[in-house]
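Read off the chains here:
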Amino acid sequence: MVIDQSILSRFVDFLSDRPSAREVLNFKATPNEESRYESLLQIGEDYRTPDEQFELQELQRANHLMSMVKIKALRELGLDNE
């Protein structure tokens with residue numbers, strides 16, 4: 001099962017609408033995206049197909065990017081506890 005639109009693409013589309021910091025913090029993966037990520041993690045690294053490995057890496061990159069953007073949103077709202 002491959003997700004129709006990658007989470008990375010969906011997140012870029014979301015950001016292009018110039019969301020507020022609060023909206024950024026509320027952005028989440030869909031249940032299908034979360035389920036797919038979990039199922040890919042459960043497959044041992046030696047048993048993933050190249051396509052599955054690529055898909056997992058894309059999900060991990062998207063997660064990293066979303067985390068960085070959410071940290072900036074927290075700082076903008078003064079919620080970063082620095």
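(A) A look at the overall build of the protein. Across its full length, the protein holds four helices and zero strands. Helices and strands in the protein line up, N terminus first, as α-α-α-α. In terms of principal-axis extent, the alpha carbons of the protein reach across some 45 × 25 × 20 Å. Residue burial in the protein is summarised as follows: out of 82 residues, 26% are buried. Across the protein, contacts joining residues at least 24 apart in sequence account for 54% of those joining residues at least 6 apart. When the accessible area of the protein is evaluated, it comes to approximately 6000 Å², of which 50% is carbon and sulfur surface.

(B) Summary view of unusual backbone geometry. The phi angle at Arg18 is positive, at roughly 55°, despite the residue not being glycine. Mapped onto the elements, Arg18 comes out in the loop between helix 1 (7-16) and helix 2 (21-26). Using a relative accessible area of 75% as the deciding quantity, one classes Arg18 as exposed.

Each value, and the rule that gives it
Residues numbered from 1 in each chain as written. Predicted model: local features only at pLDDT ≥ 70, side-chain atom pairs only at ≥ 80, totals over all residues. Heavy atoms only, no water. Helix = DSSP H or I, 4+ residues; strand = E, 2+ residues; numbered from the N terminus. Buried < 20%, exposed > 50% of the residue type's maximum accessible area, 1.4 Å probe, protein only. Contact = heavy atoms within 4.5 Å. Areas by Shrake-Rupley, 256 points an atom, 1.4 Å probe, with all protein chains shown as cover.

Honestly, that's just the spatial picture; any functional story needs more than this.
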